[in-house]
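# A structural walkthrough
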Amino acid sequence: MKKPMSMISWFIALWLWSCVQSVSAATLQKVTEVEGVSQYRLSNGLEILLVPDDAKPTTTVNMTYRVGSRHENYGQTGMAHLLEHMLFKGSDRFPTAWAEFSKRGMRANGSTWIDRTNYFASFSANDDNLRWYLAWQADAMTNAWIARRDLNSEMTVVRNEMESNENQPESVLFHQTLATMYQWHNYGKSTIGARSDVEGVDIDQLRAFYRTYYQPDNATLVISGQFPEKQVLQWIQKEFGRIPKPQRTLPRLYTLDPAQDGERSVTVRRVGGTPMVQAAYHLPPGTHPDMAAWELLVPLMTDNTAGRLQKSLVDKQKAASVYGFHVAAADPGFVIFGAQLSPDQDLATATHILLNELETLGSQTFTEQELERVRAKWLKNWELAFTDPEQVGVSLSETIALGDWRMFFFIRDRVRAVSLSDVQRVAQTWLVQANRTLATYIPTTDPVRAPAPQRVDVAEQLKAFQPGKAVARVAAFQAHPAHIENLTQRHQLPSGLRISLLRKPTRGQMVTATLLLQTGNAQALRGRTVAAALLPSLLKKGAGDMNREQIEDRLTALKAELHFSGGAEGMTATITTQEPYLPEVIALMGVLLRQPQLPESALEEVRQQALTDLQQAQTEPQSLVSQALQRALNPYPADDVRYVPTHTEQAEMLRRVQVADLRAYHQTFWGSSFGQFSAVGSFDEAAVRKALHMAFDGWHTPTPYTYISRPNPTLTADTQVLSVPDKANAVLGMVLPLAIRELDAEHAALLVANYIWGGSGHSRLWTRIREKEGLSYDVRSQLSLNSQESASQWSVSAIFAPQNLAAVQQAISQELVQSLQQGFTAAEVTAAQQGILRMRQHARAQDEVLARSLANNDFLNRNFLVSQALDDAIQKVTLAEVNAAWKKYIQPSAMLQVVAGTWPKSP
């Protein structure tokens, strides 16, 4: 018989029960709603933002912690970034979180910046995936291992990432600029940290840092896209509500740099790259009212069509390109303007022009027309970001870091209200010599200084904020191949242009379109590759009776993004706009394609930019490895369109090409006879068809298009070693020709095998080299299947510290031999099938992917049901078929390997 409970035991049990209930029953309260974004808060402090949008069947979850490199103490630089890595190493409840992301088809990662750390995942709308990810985020908030064993393995990976940044001259220059600008504030410290701090990190300090900042009252959870709102709130309350409200008080950060009292300079000298000059200036905090003017002042100076620096430096061939950006931070931030030069351009001349343009803005006024042009473009870009559920959640991270997520909308309203006098005043206040980091110190009798640093009361600023109209909800869309095929309408113009139109609901009436033009044949294209490559980049620099500024203004007015790319065998155009404007954008695209002006000045601008890129590529390990592999795969004569020239040959070809060559190429090869157009989203089908007819009918392709075969050569196992001076990171690349074509019978089996071996975040290659041994920041294998002939390739790539070359090669070789000798397991096949299918489902939910796929299917004379057929084949493939395909096609004796880096001794 059970003994009765004593009175003392009863009281203890009641007390324990009440404690459990107080932890698990954290209350949830709705705080406010702004333009379709609903804010909630748990009683433990966790802030929740829901941004529902059923137009795209994907869900994006973003967790932002208000901790970044700004919060690190002496000896702790890089700790916030290191902690971001460590969170993925697991916990008792979720020991293999990173591998689970891939298995569930999630696009997941994290990032660290000066004021915040965020973790995000985007995936095909799925309740099970969403519940799992919320549970992981809740557990990771307080129960991550943060263990010494994981720190040791991840240390090499972080060091590898650090060395990768060291390979890039612009990255080094950026970090050195900030270090010179800030004498006391942590914004002068690189987010990735000092090497000595990262390598010597104390595990107890790292755990203390984690326990301090990874708490619900210091975090904001954002969920956007398609999800069941009521259930989500219940899941959040269940998973996060059990976390107690922290008892600690967050450290108060009070360090600010004083006003700079004289210009500063820094010079970086390294092998490789091209000359660059940049001028940096301190700014107020991101919440300061004047920061709205900087949103417009930067493009006023650097816009590649009408910016002041573009006109004075690039258009006059004093620089190859110009750039500018500002950082709106929680504490006083900064703005940087710069120019990149080609090797034969004078650095002193460019520096003088750059500083003169920047620091005389107080006396050189802008026009209302210039201001309205950049304002319209800024508002268009803001709207494009806000209407994309996969962007808006991550975008909110930056304003969360400023102190209040509503700043996302308040800054927009401030930009709408910025006047010309505001822009002039702000430029005159901050773009002064004493506030500049670039040149040596020069004493002055009457220094002009920037205002003293200040903080901003965010709550006080937001008292004037009035939310705009909420974004309308749209109907859900199911991205199943059969459903997509049933909704797609197909047509063909008399000229030959094939059209595929897929109408579907989208947030903000957005529409994405793709145009493919197939051009030429092997004989006709001989010696034409450079003209073909340059022509797309000149289309928006003048066409019909419009100059480049008028074209850009027209695109802004139509709220459109229009991009051209291509080469000798075809051209691709991509469009993003809203429903009412698509016909007009098509009309504009027709003018650009059919009536390009091709001015000499534009060719010179593009030529210099290309030469600059080539100069830098000659000392980049990744570029050298890629070129060597492609040259081995394409052993053709120099005038053949398939020939891959060296960097030196490319530079010489660029210097020789003339405007007449581009015009002749356009007249000889371009037309719509062998083209495909697709549109996905909200649009008027009749209006789009009419616009296409008016824009392209009658535009026949003068030279018939014929597919150019690229049969794989026979390769022999070999290793090429390329030496590149002064690089902290090395690159390895391998390639193996495969006699298989896309959608062949063994396609699915080979796809699954590659996913298991090296094609995912829980593959054997990733687990061995990245997770266990920490040798590489990024290592993977890739299957590239040819859709028209049995000439595909399988490749392997890795980046690593040069001294780890032998270890990386050994690991790859051992994993390859083991997979060929022992095969894969049934569990691996099942996990790969699930991961691949979920990734494919997520891809079909992207309008840009759908548009590209529809156009490509028209080119290949097939429909969208091939996607379902491949899904079915992946689902049905057996373990025996996977192992058989792997052993049949993966032949190490025919694999070429190329490595490039700065070697401590002959590798």
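Use the structure listed above.
Residues numbered from 1 in each chain as written. Predicted model: local features only at pLDDT ≥ 70, side-chain atom pairs only at ≥ 80, totals over all residues. Heavy atoms only, no water.

Attention now goes to the overall build of the chain. In terms of regular secondary structure, the chain is built from 33 helices and 25 strands. Dimensions of the chain, computed from the C-alpha atoms along their principal axes, are close to 95 × 80 × 65 Å. Expressed as a percentage of the 907 residues in the chain, the buried residues total 56%. Here the analysis covers contacts within the chain between residues at least 6 apart in sequence; of these, 82% occur between residues at least 24 apart. When the accessible area of the chain is evaluated, it comes to approximately 36,900 Å², of which 51% is carbon and sulfur surface. Charge separation in the chain, taken as the distance between the mean sites of 87 positive and 90 negative side-chain charges, equals 4 Å. (Helix = DSSP H or I, 4+ residues; strand = E, 2+ residues; numbered from the N terminus. Buried < 20%, exposed > 50% of the residue type's maximum accessible area, 1.4 Å probe, protein only. Contact = heavy atoms within 4.5 Å. Areas by Shrake-Rupley, 256 points an atom, 1.4 Å probe, with all protein chains shown as cover. Lys, Arg positive; Asp, Glu negative; His and termini not counted. Charge placed at Lys NZ, Arg CZ, Asp CG, Glu CD.)

This next bit is on the sheet that holds strand β22 (residues 730-738). Here we have five strands laid out as an open sheet, ordered β21-β25-β22-β24-β23, and mixed in their pairing. Edge positions in the open sheet fall to β21 (718-723) and β23 (776-784), since each of these has one partner strand only. Taking each pair of neighbouring strands and ignoring which way they run, the sheet shows an average axis angle of 10°. As paired elements, β23 and strand β24 (residues 792-800) share eight bridges and run antiparallel to each other. Paired with S784 across the bridge in β24 is Q793. In this fold helix α29 (residues 805-822) packs onto β22, β24 and β25 (896-901), with an angle of close to 145° to the strand it touches most, β24. (Pairing = 2+ DSSP bridges. Axes fitted to C-alpha atoms, helices over the stretch in contact; angles between N-to-C directions.)

With that settled, consider unusual backbone geometry. Notably, Q317 is not glycine yet its phi reads approximately 60°, a positive angle. Of the residues examined, Q317 reaches a relative accessible area of 39% and is grouped as partly exposed. Notably, N861 is not glycine yet its phi reads approximately 60°, a positive angle. As for its placement among the helices and strands, N861 is situated in the loop between α31 (847-859) and α32 (865-876). Look at N861 and you get exposed, because its relative accessible area is 59%.

All right, on to the environment of A873 then. Looking at where A873 falls in the secondary structure, it is placed in helix α32. Among the residues examined, A873 registers a relative accessible area of 32% and is labelled partly exposed. Residues A873 and G75 lie 798 residues apart in sequence; the distance between their C-alpha atoms is 54 Å.

The sheet contact formed by strand β10 (residues 321-327) and strand β11 (residues 334-340) spans seven bridges and is antiparallel. Paired with V322 across the bridge in β11 is A339. Between the end of β10 and the start of β11, which pair antiparallel, lie six residues.

Right, let's talk about the packing of aromatic side chains for a bit. Summed over all chains, the structure comprises 36 aromatic pairs. Pairing W757 with W886 gives two aromatic rings, centres 6.0 Å apart and planes at 40°, and the pair type is tilted. With W757 in helix α27 (residues 747-757) and W886 in helix α33 (residues 879-889), the pair connects residues that are 129 residues apart, well separated along the chain. Using a relative accessible area of 0% as the deciding quantity, one classes W757 as buried. (Phe/Tyr/Trp six-rings, centres within 6.5 Å; stacked < 30°, edge-to-face > 60°.)

Before going further, it helps to examine the packing of helix α19 (residues 529-538) against helix α25 (residues 659-669). Running from N to C, α19 and α25 point in directions that differ by 90°, and their axes come no closer than 9 Å. In terms of orientation, α19 lies roughly perpendicular with respect to α25. Across the interface between the two elements, A531, A532, L534, L535 and L538 from α19 touch D661, L662, Y665 and H666 from α25. The residue makeup of the contact of α19 with α25, split by class, is seven nonpolar, one polar and one charged. (Parallel < 35°, antiparallel > 145°, perpendicular 65-115°, else oblique. Nonpolar A, V, L, I, M, F, W, Y, C, P; charged D, E, K, R; others polar.)

An ideal rise of 1.5 Å per residue puts 27 Å on 19 residues; helix α5 (residues 148-166) measures up with 26 Å between its terminal C-alpha atoms. Its maximal kink placed at E154, α5 deviates by approximately 35°. (Expected span 1.5 Å × (residues − 1). Bend = angle between axes of the 7 residues up to and from the residue.)

One open sheet accounts for five strands, arranged β8-β12-β9-β11-β10; its pairing is mixed. Looking at the sheet topology across the chains shown, the edges are occupied by β8 (264-265) and β10. Here helix α6 (residues 169-181) sits on the sheet in contact with β8, β9 (276-282), β10, β11 and β12 (436-438), set at roughly 35° to β9. Here helix α10 (residues 291-302) sits on the sheet in contact with β10 and β11, set at roughly 175° to β10.

Most of strand β2 (residues 37-42) sits out of view: five of its six residues are buried. Bridge analysis of strand β1 (residues 28-34) against β2 gives six bridges, and the strand direction is antiparallel. Residue pairing across strands places Q29 opposite R41, the latter belonging to β2. The hairpin turn running from β1 into β2, its antiparallel successor, is two residues long, and E35 in that turn takes a positive phi close to 50°.

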